[in-house]
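# Structural features, examined
As a plain string of letters, each chain reads:
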Amino acid sequence: DVKVTQSSRYLVKRTGEKVFLECVQDMDHENMFWYRQDPGLGLRLIYFSYDVKMKEKGDIPEGYSVSREKKERFSLILESASTNQTSMYLCASSYGTGGHEQYFGPGTRLTVT
Amino acid sequence: GENVEQHPSTLSVQEGDSAVIKCTYSDSASNYFPWYKQELGKRPQLIIDIRSNVGEKKDQRIAVTLNKTAKHFSLHITETQPEDSAVYFCAASKRGGGADGLTFGKGTHLIIQP
C-alpha cells in the first residue's frame, strides 16, 4: 500500500517567515509533485521532480522553491511567506514515465497571517 | 501551457440515474487523462484514466471517453449511489509524456439525491 506522508496537517505562519513543507513516500517512486488546492480553482502544479536533485517548474512556481536530496523526500519551501500563499498544499508521487497514477498525501493546510 | 476546462461545476442527480462530467484540453501533445475523486476532507484518489491511443475505457459503473480530434474527454457514472457524492477532477498530462505534473480542471461537485 502506497504511503505518502506530509510533515504537518495544519500550519500557521506569519508573513515574511520561511516555511518548509516536507513530503515522504515509501514506494521508491521516481516522481514527486507539489500542488496547491484552492476552492473553485482545483489543484495547481507548483513544482515537480523526476529524480534526485532534479526539479522542474509547474504552472505557479513564483514564491516557491523545492529540494530533493533523497529519492523518498521532496520539500517545498516558501522563501518569504505571504498571505496569498494561504492554501491547502498536496504532495504526490508516481513511478516511471508516460503517465501513471499519482498518489497523494493528506495535505497541509497552511495559514499565513 | 496546457489548459483544462471542466463542466459543470456542480451536478445534482437522483440516485440511480447517470452522471456525465465533461472536460476539454488545449495541448494536442497531451496523451494521458486521469480522473480523480476527492471526498470531503480526504485526499484525491484516481478512479479511472485513459491514454490517447484509446477511445473509451470502462470499469464497472464508470467509463471515460476521449475524442482526440475535438480535444475533449468525459466521465460517465451509471446507476449512481450515495457514495458517489464527491468532487471529481479531470486532468491532462502537462507535456504528454515523461514524468509529468498534471493540469487539473477546477472540479465538479457531484451530489446524489436520495
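See above for the structure.
Here the residue numbers are simple positions, counted from 1 along each chain's written sequence. Each chain is given a letter, starting from A, and each ligand a number, starting from 1, according to the order in which they appear as written. It should be noted that, the model being predicted, local features are given only for residues of pLDDT at least 70 and side-chain atom pairs only at 80 or more, the latter also being counted only at that level, while totals for whole chains, interfaces and linings use all residues. Processing note: side-chain calculations cover all non-hydrogen atoms of the structure and skip hydrogens and water entirely.

## Describing unusual backbone geometry
Residue and element names in this part refer to chain B. We apply this condition: We count a stretch as a helix when DSSP gives it H or I for four or more residues in a row; a strand needs E for two or more, and each element gets its number in order from the N terminus. Relative accessibility under 20% of the residue-type maximum defines a buried residue, over 50% an exposed one, and the middle range a partly exposed one, all with a 1.4 Å probe and only protein chains included.
Cis geometry marks the peptide bond from His7 to Pro8, where omega comes out at -5 degrees. Considering the arrangement of structural elements, one finds Pro8 in the loop between strand E1 (4-7) and strand E2 (10-14). The phi torsion at Gln60 lies on the positive side, around 60 degrees, for a residue other than glycine. With a relative accessible area of 78%, Gln60 lands in the exposed category. Residues other than glycine seldom take positive phi values, yet Lys71 does so here, at roughly 55 degrees. Here Lys71 lies in the loop between strand E7 (62-67) and strand E8 (72-77). Judged by its relative accessible area of 26%, Lys71 is partly exposed.

## Describing the pairing of strand E4 (residues 32-38) of chain B
Residue and element names in this part refer to chain B. Formally: The criterion for strand pairing is that DSSP finds at least two bridges linking the strands in question.
Among the seven residues that make up E4, seven are buried, leaving the element largely enclosed by the rest of the structure. Examined bridge by bridge, E4 and strand E5 (residues 45-51) share six bridges and lie antiparallel to one another. Bridge assignment links Tyr36 to a residue of E5, and that residue is Leu46. What sits between the antiparallel neighbours E4 and E5 is a turn of six residues, in which Gly41 has the positive phi angle 75 degrees. With four bridges joining them, E4 and strand E9 (residues 86-93) adopt antiparallel strand pairing. Paired with Tyr36 across the two strands is Phe89, which belongs to E9.

Function-wise, these values are silent; they only describe arrangement.
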